[in-house]
Amino acid sequence: MTFCKRGTEGLIYLEDGTLLKGCGFGAKGIRQGEVVFTTSMNGYPESMTDPSYRGQILAITHPLVGNYGVPSPIVKNGILQNFESEHIQIEGLVVIEETDPFKWNSSKSLHEWMAEQGVPGVSSVDTRLLVKRVRTLGSMMGVIVSGMEVSDPASYLGKRYDEIDFTYFTSPKSPIIHQNVSGSSLIVLVDCGIKHGILDELYRRGFTIIRLPCKSTAEEIMDYSPKGVVFGNGPGNPNLLEGLARTFASVTEYKIPTLGVCLGHQIATKALGGKVRKMKFGHRAINKPVVDVTSGKCFISTHNHGYGVYKEDVPQDTQVWFINPDDGVVEGLIHKRLPIITTQFHPESRPGPNDTVWVFDRFKKMVIGNEWN
Ligand SMILES: NC(=O)CC[C@H](N)C(=O)O
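Residues numbered from 1 in each chain as written. Predicted model: local features only at pLDDT ≥ 70, side-chain atom pairs only at ≥ 80, totals over all residues. Heavy atoms only, no water.

An unreviewed UniProt entry annotates the protein chain as Carbamoyl phosphate synthase small chain of Metallosphaera cuprina. In its Sequence similarities (unreviewed entry) section, the UniProt entry covering the protein chain states "Belongs to the CarA family." (UniProt positions renumbered as here; feature names shortened; annotations may be inferred.)

Undergrad: Is there a simple way to explain the UniProt feature "binding site: L-glutamine" (unreviewed entry) in the protein chain in this structure?
TA: Those residues carrying the UniProt feature "binding site: L-glutamine" (unreviewed entry) are S52, G234, G236, L263, Q266, N304, G306 and Y307 in this numbering. A maximum C-alpha distance of 13.2 Å places the annotated residues, which cover 256 residues in sequence, within one compact spot. Annotated residues from the preceding list that form part of the lining of the largest cavity: these are S52, G234, G236, L263, Q266, N304, G306 and Y307. Those residues in contact with L263 that lie beyond four places of it in its chain are C192, G232, N233, G234, P238, L241 and L244. Structurally, N304 is set in strand β18 (residues 297-308). Taking relative accessible area as the criterion, N304 reaches 6% and is therefore assigned buried. Discounting residues that sit within four places of it in the chain, N304 has contacts with D50, S52, Y53, C262, H283, R284 and H346. (1 Å grid on protein atoms, 1.4 Å probe; cavity = no way out; pocket = protein on both sides within 12 Å on 5 of 7 lines; lining within 4 Å. Contact = heavy atoms within 4.5 Å. Helix = DSSP H or I, 4+ residues; strand = E, 2+ residues; numbered from the N terminus. Buried < 20%, exposed > 50% of the residue type's maximum accessible area, 1.4 Å probe, protein only.)

Undergrad: Sorry if this is basic, but what is going on with the UniProt feature "domain: Carbamoyl-phosphate synthase small subunit N-terminal" (unreviewed entry) in the protein chain here?
TA: According to UniProt, the feature "domain: Carbamoyl-phosphate synthase small subunit N-terminal" (unreviewed entry) maps to residues 8-145 in the numbering used here. As a span, residues 8-145 carries 17% helix and 36% strand, and end to end its C-alpha atoms are 10 Å apart.

Undergrad: Is there a simple way to explain unusual backbone geometry in this structure?
TA: Glycine aside, negative phi is the norm for most residues, and most peptide bonds take the trans geometry. With an omega of -10°, the peptide bond running from R350 to P351 counts as cis. With respect to the helices, strands and loops of the structure, P351 is situated in the loop between β21 (340-343) and α9 (358-369). Of note, S349 is a non-glycine position whose phi angle comes to about 60°, a positive value. Relative to the elements of secondary structure, S349 occurs in the loop between β21 and α9.

Undergrad: I'm lost on empty space enclosed by the protein in this one. Help?
TA: To find leftover empty space, a probe the size of one water molecule is rolled over the atoms. Within this structure, the stated rule accounts for 2 cavities of 30 Å³ or more. By volume, the largest cavity is sized at about 120 Å³. Lining the largest cavity are 14 residues, with G234, G236, N304, H305 and G306 sitting closest to its centre. Where the lining of the largest cavity is concerned, the elements lending two or more residues are α8 (263-271) and β18. Ranked by the residues each element gives to the lining of the largest cavity, the list is headed by β18, at 4 residues. Residue composition of the lining of the largest cavity, by class: 5 nonpolar, 8 polar and 1 charged. Reported here for the second largest cavity is a volume of approximately 60 Å³. Lining the second largest cavity we find 14 residues, and of these S47, Y53, T302, H303 and P351 sit closest to its centre. (Points joined across faces, edges and corners; volume = space filled by probe spheres on them. Nonpolar A, V, L, I, M, F, W, Y, C, P; charged D, E, K, R; others polar.)

So, in structure tokens, the structure goes:
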């Protein structure tokens, strides 16, 4: 029997029947979701508040999680500087060891933060075994239990992740404006659950940003006469978002500079005639290589995607911009005739190395200077 420092037990159950018992922390509760893993060694406050993780139970492979605690939110111009959204988005967290913090800017422990926000965690489980199962069998649904007695966790499995449109929970219901006094150009960002890191990088480049709901039409977008449009990241299965792909396709008719990031890259692919497929277990890390095939340079980047574009599914009028050299997944596209660029990875680098923030400079050049290749 494991000694549990919070005095409660917990478990993680996978739909293939794997049951790992450990300790509960964070909030007491039971949640179901798709079980995914990240190999990031730090950045848990950013990852856990990334809206693209909605509907997922996140396992962190790094053995100690919580060492530097959780900071107080810092907000500038309505944009969070140290979290990716206002609250925790993951369904639950799985770690080997959940630690108490020691850092000058920590305001609470990981345990306290999760308890406050109603998110269950389980620690003292063999995350290596869990990751091996997911890598071998592919992403699976699972159930996390913290501090409660449950005899049949399988009975809590519900609707499958791939069948739920999570943007309903993460997209704003009405426009949000980040007015930029130093800015020259107004852009519209189609917000399906935007990471504040993306907002921040755009705002730093002088843009006034109008965030519109994910279900907006091209007409609603063009009503603002934007100089550029961004289709951002977001949770869930891109193949459920046919309306968004239609909106993207209609926006292309205005020949307006457009940037797609992560979900935005997938939506661009669909809108332009390509295909997006579910990956076996996805890419979630802050040290993934991507090669810019136009320059031959390799960059280290932040990823969080479970769907992907493969070479054979790239839309006709686009050229591959980035590729992941490990598995060949297409990590970025450039349109051959229109000012459209996309990345599957996260150039805003939250959390992660800043190697690719120049993608936003390139977008700015497209908007301000009319250059894109
Ligand atoms: N970060 C994202 O935008 C993720 C896109 C999509 N939900 C996926 O998992 O592939």
